[in-house]
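Descriptive analysis of the structure
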Amino acid sequence: MAVTLINSEELPQIDVYHHVAVASGAKTIYLAGQVAWDAAPDLATQTEQAYVNVHTALKAAGASFADLARVRVYVVDWTPDKMPALLEGLENAMKEVGETAKPPATLIGVAALDVPEHLVEIEATAVID
């Protein structure tokens, strides 16, 4: 694998992501932010579709969730009470594609995305040999 995910024992242990990705591959893949076109207007459903779209884009470049070095998740009007829906969407996407995604991640609350119907956008970077 070109990406090794690690957690320092001195940092909080988070179940849904790792703190560090060490990339040693020769090819870096940058994905445009993925959204859920034509999905139901709820965060869990849109998060699931956006992560499935990330997986589809990675496959087109010869990569998989295992090659993710970083993920940024933008959520409209973020509040902590939205976390269960976000995690539900992530878990459903991983079940659907049969892979686990736990790279370093940043969650960013935003006022709006490209169109009013989009509630979440996921941007990713992967590295492969």
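Before reading on, note that the structure itself is shown above.
To keep things clear, this report deals only with the structure shown in the data block. (Residues numbered from 1 in each chain as written. Predicted model: local features only at pLDDT ≥ 70, side-chain atom pairs only at ≥ 80, totals over all residues. Heavy atoms only, no water.)

**Quick look at helix 1 (residues 43-60)**
The criterion, for reference: Secondary structure elements are taken from DSSP: a helix is a run of H or I of four residues or more, a strand is a run of E of two residues or more, and numbering for both begins at the N terminus. Multiply 1.5 Å by the residue count of a helix minus one, and that product is the helix's expected span. Each residue gets one of three labels from its accessible area relative to the maximum for its type: buried under 20%, exposed over 50%, partly exposed in between, using a 1.4 Å probe on protein chains only. Residue contacts are counted whenever heavy atoms from the two residues lie within 4.5 Å of one another. Each polar contact in these results corresponds to two N or O atoms within 3.5 Å; when the atoms are within protein, one needs to be able to donate a hydrogen and the other to accept it, and residues that are neighboring in sequence are counted only if both atoms are side-chain atoms.
Here helix 1 spans 26 Å end to end across 18 residues, near enough to the 26 Å set by a 1.5 Å rise per residue. Within helix 1, the full set of buried residues consists of Leu43, Ala44, Gln46, Thr47, Glu48, Ala50, Tyr51, Val52, Asn53, Val54, His55 and Leu58. Turning to helix 1, the residues buried within the fold contact strand 3 (27-34), strand 4 (68-76), helix 2 (83-97) and strand 6 (120-128). For helix 1, the N-terminal capping position is held by Asp42, with its side-chain oxygen 3.3 Å away from the main-chain nitrogen of Ala44.

**Section: the packing of aromatic side chains**
Where we set the bar: The aromatic pairing rule takes the rings of Phe, Tyr and Trp, using the six-membered ring of Trp, and pairs them if the centres are within 6.5 Å, calling planes under 30 degrees apart stacked, those over 60 edge-to-face and the rest tilted.
Applying the stated criterion across every chain, the model contains 1 aromatic pair. Note on Tyr51 and Phe65: the rings are 6.4 Å apart at their centroids and 90° apart in plane angle, and the pair reads as edge-to-face. On the criterion of sequence distance, the pair formed by Tyr51 in helix 1 and Phe65 in the loop between helix 1 and strand 4 is long-range, its members being 14 residues apart. On the accessibility criterion, Tyr51 (8% relative accessible area) is buried. Among the residues examined, Phe65 registers a relative accessible area of 3% and is labelled buried.

By themselves, these are just geometric observations and shouldn't be taken as functional.
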